[in-house]
Amino acid sequence: MARRKQYKEEEVIEKAMALFWRNGYENTSVRMLETEMGINQFSIYSSFGNKNGVFLESLKCYKNKIKIITDRLEASNNGIIGIKTYFYDFLEFAQDNGRSRGCLVTNTVNELGSKADPLLLTELQKFAAHIKNLFEGNLKQEKSKSKATVTKEANYLLTSMLGLSVASKIINTAQLEDFIETVFINI
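(A) Representation of the packing of aromatic side chains within the structure. Evaluated as defined, the whole model comprises 10 aromatic pairs. An angle of 85° between the planes, with centres 4.9 Å apart, marks the rings of Phe20 and Phe55 as edge-to-face. Taken together, the residues span a long stretch of sequence, with Phe20 in helix H1 (residues 9–23) and Phe55 in helix H4 (residues 51–75) at a distance of 35 residues. For the pair Phe20 and Phe55, a shared accessibility class is recorded, and that class is buried. An angle of 90° between the planes, with centres 5.0 Å apart, marks the rings of Trp21 and Tyr62 as edge-to-face. On the criterion of sequence distance, the pair formed by Trp21 in helix H1 and Tyr62 in helix H4 is long-range, its members being 41 residues apart. Residue classification places Trp21 among the buried positions, given a relative accessible area of 5%. Taken together, the ring pairs connect Trp21, Tyr62, Phe93 and Phe127 into an aromatic cluster. Over the ring of Tyr25 we find Lys51; its NZ or CZ atom is 4.4 Å from the centre of that ring. Here the guanidinium or amino end of Arg101 rests over the ring plane of Trp21, the centre of that ring lying 3.5 Å away.

(B) Representation of the environment of Asn172 in the model. Here Asn172 lies in the loop between helix H8 (147–167) and helix H9 (173–185). Sequence separation of Asn172 and Ser100 is 72 residues, and the distance between their C-alpha atoms is 9.9 Å. In terms of polar contacts, Asn172 uses its side chain to reach the backbone amide nitrogen of Ala174, at 3.0 Å.

(C) Layout of the environment of Gly24. In this fold, Gly24 is placed in the loop between H1 and helix H2 (30–37). C-alpha separation for the pair Gly24 and Val166, spaced 142 residues apart in sequence, amounts to 13 Å. Setting aside residues no more than four positions away along its own chain, Gly24 makes contact with Leu19 and Glu111.

(D) Representation of H9. With 13 residues, H9 should cover 18 Å at 1.5 Å per step; its first-to-last C-alpha distance of 18 Å lies within 8% of that length. Of all the residues in H9, the buried ones are Leu176, Ile180, Val183 and Phe184. Summarising the axial view, the buried residues of H9 lie within an arc of 90°, below the 170-degree limit, and thus occupy one face. Every exposed residue of H9 that faces more than 90 degrees away from the buried side is listed here: Asp178 and Ile185. For H9, the elements touching its buried residues are helix H5 (80–93) and H8. Two or three places before Ala174, at the opening of H9, Asn172 has a side-chain oxygen 3.0 Å from that residue's backbone nitrogen.

What counts, and where the lines are drawn
- Residues numbered from 1 in each chain as written.
- Predicted model: local features only at pLDDT ≥ 70, side-chain atom pairs only at ≥ 80, totals over all residues.
- Heavy atoms only, no water.
- Phe/Tyr/Trp six-rings, centres within 6.5 Å; stacked < 30°, edge-to-face > 60°.
- Helix = DSSP H or I, 4+ residues; strand = E, 2+ residues; numbered from the N terminus.
- Buried < 20%, exposed > 50% of the residue type's maximum accessible area, 1.4 Å probe, protein only.
- Lys NZ or Arg CZ within 6 Å of the ring centre and 35° of its normal.
- Polar contact = N/O pair within 3.5 Å; in protein donor to acceptor, adjacent residues only side chain to side chain.
- Contact = heavy atoms within 4.5 Å.
- Expected span 1.5 Å × (residues − 1).
- Arc of directions from axis to C-beta.

Below, the structure written as structure tokens:
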């Protein structure tokens with residue numbers, strides 16, 4: 001007879017997500033996951049397969065958390081202003097005890113790059129594509145923009161968002177706000 005789990009997967013994955021977000025993928029060991037999640041290694045492997053499986057579930061958790069601001073962007077009828085609001089919303093979202101954690105996806109891409117597990121890399125790319133699609137949707141609300149301009153500007157905004165994520169971890173709020181304002185002068 002199989003034993004019943006003594007934990008809720010959603011709760012332990014949220015803890016794992018916070019650990020990956022804080023330490024990065026490579027600097028997070030299975031032992032650290034055991035401690036943070038409050039479950040043993042057997043339970044980790046039984047429920048999630050391996051560290052990569054825990055991370056993939058953590059990424060789903062992250063996407064669910066950031067949905068609060070991506071949904072707002074998706075529902076926006078304000079074109080460029082909606083995207084600019086998303087940039088500011090992201091700064092607030094990434095805060096933890098007065099420090100910015102950046103974006104879990106961006107942090108992982110910066111850390112692992114092309115050496116990431118193919119499945120993991122695919123999930124990271126899907127997340128970036130989703131954000132770019134949201135930018136395109138808002139840019140299309142600006143009737144004066146051609147399809148080619150929308151694509152170019154969405155690419156520019158996605159790259160700017162990645163830069164904002166990294167920069168948010170090391171520079172002050174005034175500098176970040178200057179960056180955002182300058183990004184939108186160019187749109």
